[in-house]
Amino acid sequence: MCKPSSETNSGADPRVAFFDHHAAHWDQATANQAESLRRLGLLRDRLRLQPGSNVLEVGCGTGLITGWLAAAVRPGRVLAVDFSPAMLAQAGAKNIPAEFQLLDICAEAPEEGAFDLALCFQCFPHFRNHPAALRHIARALRPDGRLVVLHLQGSEQMNTFHRHTGGAVHADVLPSADRWPHLLALGGLQLVGLEDRADLFLLEARQAPR
């Protein structure tokens, strides 16, 4: 199921056109999907994916890992959101047992207090307003919910890749480790742990005490 967002402010964001343009060939251009899923399987315990959990997948793209998430938390719920209509069209055609929604996380939260986990896989650098995205993610989490930002390479490698890619994503970066505590605090979250090495970036955060 794919439904539109009630409101989006992403029309002026050039990244939307960038991802729309690449959507039709995104899966074919993505290197070694099987290896990515294998590595995610090895990280499953660290992600603490539990049957019955409700998961918000932010920046789901063409749904490359959405089916894996849905299987991991079944009979729980996966809501997969993205700001690119063309990417969501590709994802929606795959008959994945998840809900898909056109939504700009920098502009709004999908649902308030509904999710045990919000997962940003390979997408956080593309949020044009990091504090706003984190605020909306925090609103979507249950009081004991978690945010995980995950990349299968380190921040230095990811940032170099985007600079070389150019175009609308040339300046999209993963913040350095020293910036995350303040950045998360702006969104009402607190850092639990962060690992940043050449082949992995994994950050976990929770809602800050009130």
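See the structure printed just above.
This text gives an overview of the structure that appears in the document. The structure presented is a predicted model; accordingly, all values stated were derived computationally and were not measured.

**Digging into the packing of aromatic side chains**
Okay, step 1: Inspection of the entire model under this criterion finds six aromatic pairs.
Okay, step 2: Here Phe-124 and Phe-127 contribute two aromatic rings whose centre-to-centre distance is 5.2 Å and whose plane-to-plane angle is 70 degrees, an arrangement assigned as edge-to-face. Of the two residues, Phe-124 and Phe-127, neither departs from the other in class, the shared state being buried.
Okay, step 3: Judged by centre distance (5.0 Å) and plane angle (50 degrees), the rings of Phe-124 and Trp-180 are tilted. Placement of the pair is Phe-124 in the loop between strand S5 (115–121) and helix H7 (130–140) and Trp-180 in helix H9 (residues 180–186), with a sequence separation of 56 residues.
Okay, step 4: Aromatic rings pair up to connect Phe-18, Phe-19, Trp-26 and Phe-83 into one cluster.

**Remarks on the nonpolar core**
Okay, step 1: Counting 31 residues, the largest nonpolar core has Phe-127, Leu-147, Val-149 and Trp-180 as its most contacted members.
Okay, step 2: Residue assignment for this core shows that the elements contributing at least two residues are strand S2 (55–58), strand S3 (78–82), S5, H7, strand S6 (141–151), H9 and strand S8 (200–207).
Okay, step 3: Take this core: its biggest share by element is five residues, from H7.
Okay, step 4: Within the second largest apolar cluster, 27 residues are counted, among which are Leu-47, Cys-60, Trp-68 and Val-148.

**Quick notes on the pattern of salt bridges**
Okay, step 1: What the rule picks out here adds up to 15 salt bridges.
Okay, step 2: Across the pair Asp-27 and Lys-94 runs a salt bridge, and its minimum N-O distance is 2.7 Å. Pair noted here: Asp-27 is in helix H2 (residues 26–29) and Lys-94 is in the loop between helix H6 (85–92) and strand S4 (99–102), with a separation of 67 residues, a long-range link.

**Details of the environment of Leu-119**
Okay, step 1: By the element assignment, Leu-119 lies in strand S5.
Okay, step 2: Using a relative accessible area of 1% as the deciding quantity, one classes Leu-119 as buried.
Okay, step 3: In this structure, the C-alpha to C-alpha distance between Leu-119 and Val-58, residues 61 residues apart in sequence, is 6.1 Å.
Okay, step 4: Ignoring sequence-local partners within four residues, the contact set of Leu-119 consists of Leu-56, Glu-57, Val-58, Ile-65, Leu-69, Val-148 and Leu-150.

**Brief notes about the pairing of strand S7 (residues 189–197)**
Okay, step 1: Taken together, the eight bridges between S7 and S8 define a ladder with antiparallel strand orientation. Considered in S8, the bridge of Leu-194 is made with Leu-203.
Okay, step 2: Linking S7 back to S8 in an antiparallel pair, the connection comprises two residues.

**Side note on unusual backbone geometry**
Okay, step 1: Here the bond from Arg-74 into Pro-75 is cis, since omega is 10 degrees, no more than 30 degrees from zero.
Okay, step 2: Mapped onto the secondary structure, Pro-75 falls in the loop between helix H5 (66–73) and S3.
Okay, step 3: One non-glycine residue, Arg-48, lies in positive phi territory at about 55 degrees.
Okay, step 4: For Arg-48, the location among the structural elements is in the loop between helix H4 (44–47) and S2.
Okay, step 5: Backbone geometry places Gln-122, a non-glycine residue, at a positive phi of 60 degrees.
Okay, step 6: Mapped onto the elements, Gln-122 comes out in the loop between S5 and H7.

**Things to note about the environment of Gly-52**
Okay, step 1: The residue Gly-52 is located in the loop between H4 and S2 in this model.
Okay, step 2: Residues Gly-52 and Ala-168 lie 116 residues apart in sequence; the distance between their C-alpha atoms is 38 Å.
Okay, step 3: Here Gly-52 is in contact with Val-73, Arg-74, Pro-75 and Gly-76, once residues within four sequence places are set aside.

**A look at H7**
Since the α-helix advances by 3.6 residues per turn, residues separated by three or four positions end up pointing in the same direction.
Okay, step 1: In terms of burial, H7 is largely enclosed, as eight of its 11 residues are buried.
Okay, step 2: All of the buried residues in H7 are His-130, Ala-132, Ala-133, Leu-134, His-136, Ile-137, Ala-138 and Ala-140.
Okay, step 3: The inward-facing, buried residues of H7 abut S2, S5, S6, H9, S7 and S8.
Okay, step 4: By the N-cap criterion, in which a side-chain oxygen at the helix start approaches the backbone nitrogen of a residue two or three places on, H7 is capped by Asn-129, the distance to Ala-132 being 3.0 Å.

The rules behind each value
- Residues numbered from 1 in each chain as written.
- Predicted model: local features only at pLDDT ≥ 70, side-chain atom pairs only at ≥ 80, totals over all residues.
- Heavy atoms only, no water.
- Phe/Tyr/Trp six-rings, centres within 6.5 Å; stacked < 30°, edge-to-face > 60°.
- Buried < 20%, exposed > 50% of the residue type's maximum accessible area, 1.4 Å probe, protein only.
- Helix = DSSP H or I, 4+ residues; strand = E, 2+ residues; numbered from the N terminus.
- Core = buried A, V, L, I, M, F, W, Y, C linked by side-chain atoms within 4.5 Å.
- Salt bridge = Lys/Arg side-chain N within 4 Å of Asp/Glu carboxyl O.
- Contact = heavy atoms within 4.5 Å.
- Pairing = 2+ DSSP bridges.
- Polar contact = N/O pair within 3.5 Å; in protein donor to acceptor, adjacent residues only side chain to side chain.

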